[in-house]
Amino acid sequence: RVALELGGVGPPFVHSDADLAAAAKACARNAMLLAGQSCISVQNVFVHKPVYETFVAAVQDEVGLLALGDPMDMETEVGTLIDEQAAIRIEGMIGRAVETGATLLRGGSRRGAQLDPAILTNVRSDMSVMCDEIFGPAMSLQPYEDIEPLFKSISDSPFGLQCGIFTNSLALALSAIKGVRTGGVIVNGTSRWRSDQMPYGGVKDSGVGREGPKYSIKDMTEERFFVLN
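Residue indices begin from 1 for each chain and proceed along its sequence in written order. Side-chain atom pairs in this predicted model are given and counted only at pLDDT of 80 or more, local residue features only at pLDDT of at least 70, and totals for whole chains, interfaces and linings cover all residues. As a rule here, side-chain values cover all heavy atoms of the structure and leave hydrogens and water aside.

Visitor: For this particular structure, what's the right way to read the overall build of the protein?
Guide: The secondary structure content of the protein amounts to 7 helices and 11 strands. For a compact globule of 229 residues, the expected C-alpha radius of gyration is about 17 Å, and the protein comes in at 18 Å, within 12% of that figure. Viewed in the frame of its principal axes, the protein has a C-alpha envelope of about 70 × 40 × 35 Å. We call a residue buried when its accessible area falls under 20% of the maximum for its residue type, exposed when it is over 50%, and partly exposed in between, using a 1.4 Å probe and counting protein chains only. Within the protein, buried positions represent 48% of all 229 residues. By the convention used here, residues are in contact when the closest approach between their heavy atoms is within 4.5 Å. Within the protein, residue pairs in contact and separated by at least 24 positions form 67% of the contacts whose partners lie at least 6 positions apart. A total accessible area of about 11,600 Å² is found for the protein, and carbon and sulfur atoms account for 54% of it. When charges are tallied, Lys and Arg are placed among the positive residues and Asp and Glu among the negative ones, while His and the ends of the chain are skipped. Where a charge sits is defined by one atom per residue type, namely NZ (Lys), CZ (Arg), CG (Asp) or CD (Glu). Separation of charge centres in the protein, based on 20 positive and 28 negative side chains, amounts to 6 Å. Only DSSP runs of H or I covering at least 4 residues are called helices, and only runs of E covering at least 2 are called strands; the numbering of each starts at the N terminus. Atoms counted for the radius of gyration: C-alpha only. Globule rule: 2.2 Å times residue count to the power 0.38. Per-residue and other accessible areas were derived by the Shrake-Rupley procedure at a 1.4 Å probe size, with only the shown protein chains allowed to occlude residues.

As structure tokens, then:
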């Protein structure tokens with residue numbers, strides 16, 4: 001038996017009725033902290049068109065507040081990648097996205113294994129920064145008008161670890177829970193939320209099985225059926 005957690009592309013949805021300041025802070029920080037080296041880091045952020053420009057500005061402001069530097073320094077919020085090759089790989093993904101039409105709003109510069117937190121817009125679904133796991137300090141922002149097709153798009157994609165939705169509408173939150181095929185849906189939070197006491201894991205190419213003591217034990221247990229006549 002095996003349980004596998006294989007990553008994802010961290011998609012949060014930010015609807016126009018959400019607390020935009022809280023959503024922008026959560027998305028910005030949960031994309032960049034740990035230098036983005038978390039399987040559930042925020043990566044692809046979908047924002048309701050009426051609040052898109054406001055949200056983009058707020059995310060840029062929040063990312064600008066993050067302290068970069070030596071990961072051994074307790075004041076550092078965004079440290080280095082695991083090694084220089086990882087930073088070069090992500091730098092290449094960002095560069096190819098820009099070459100094919102994406103807009104780099106800030107960041108993306110590399111110094112050894114340190115990569116400045118990058119924010120991209122005007123991305124397309126076929127760009128590697130969108131359809132592959134970045135596993136680094138980079139995020140894409142794009143607007144939407146109708147959210148239901150996005151739910152279907154995420155459900156049809158290869159990844160399905162966790163997603164978040166920011167909204168004050170219970171009906172919309174329930175629609176996300178029912179309509180998005182991922183291992184977890186976090187309402188008014190990002191994909192990066194998890195608790196060791198809860199069943200954590202993905203579906204599709206994002207893995208099989210669940211972490212968390214109770215759920216891991218169940219996944220590793222072979223149930224037997226015993227009939228005594």
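Visitor: Looking at this model, I keep getting lost on empty space enclosed by the protein. Mind explaining?
Guide: It is the rolling of a water-molecule-sized probe over the atoms that shows where space remains empty. Here a cavity denotes a set of grid points, spaced 1 Å apart and computed over the protein atoms alone, in which a 1.4 Å probe fits but from which it cannot get out, and a pocket denotes an open set meeting protein on both sides within 12 Å along at least five of seven lines; residues with an atom within 4 Å of a point are reported as lining. Grid points are joined across faces, edges and corners, and a volume is the space filled by probe spheres set on the points. Under the counting rule described, the total for this entry stands at 2 cavities of 30 Å³ or more. For the largest cavity, the calculated volume is near 70 Å³. Forming the walls of the largest cavity are 13 residues, and the residues nearest its centre are Val9, Gly10, Pro11, Leu161 and Gln162. In this count, Pro and Cys sit with the nonpolar residues alongside Ala, Val, Leu, Ile, Met, Phe, Trp and Tyr, while Asp, Glu, Lys and Arg are called charged and the others, Gly among them, polar. Classifying every residue of the lining of the largest cavity by side-chain character gives 7 nonpolar, 6 polar and no charged. What lines the second largest cavity is a set of 13 residues, and nearest its centre among them are Gly36, Ser38, Ser41, Gln43 and Phe135. Across the lining of the second largest cavity, the residue classes break down as 6 nonpolar, 6 polar and 1 charged.

Visitor: Hey, could you run me through the side chain of Thr190 in this one?
Guide: Note on placement: Thr190 falls in the loop between strand E10 (184-187) and strand E11 (207-208). Beyond its immediate sequence surroundings of up to four residues, Thr190 is in contact with Ala26, Cys27, Asn30, Val42, Gly164 and Phe166.

Visitor: How should I be thinking about the environment of Gln37 in this particular structure?
Guide: Relative to the helices and strands, Gln37 is located in the loop between helix H1 (20-32) and strand E3 (44-48). For Gln37, a relative accessible area of 24% translates into the label partly exposed. Once the C-alpha coordinates of Gln37 and Phe135 are considered, the two residues, 98 residues apart in sequence, prove to be 4.9 Å apart. Not counting residues up to four positions away in its chain, the partners in contact with Gln37 are Thr80, Leu81, Ile82 and Phe135.

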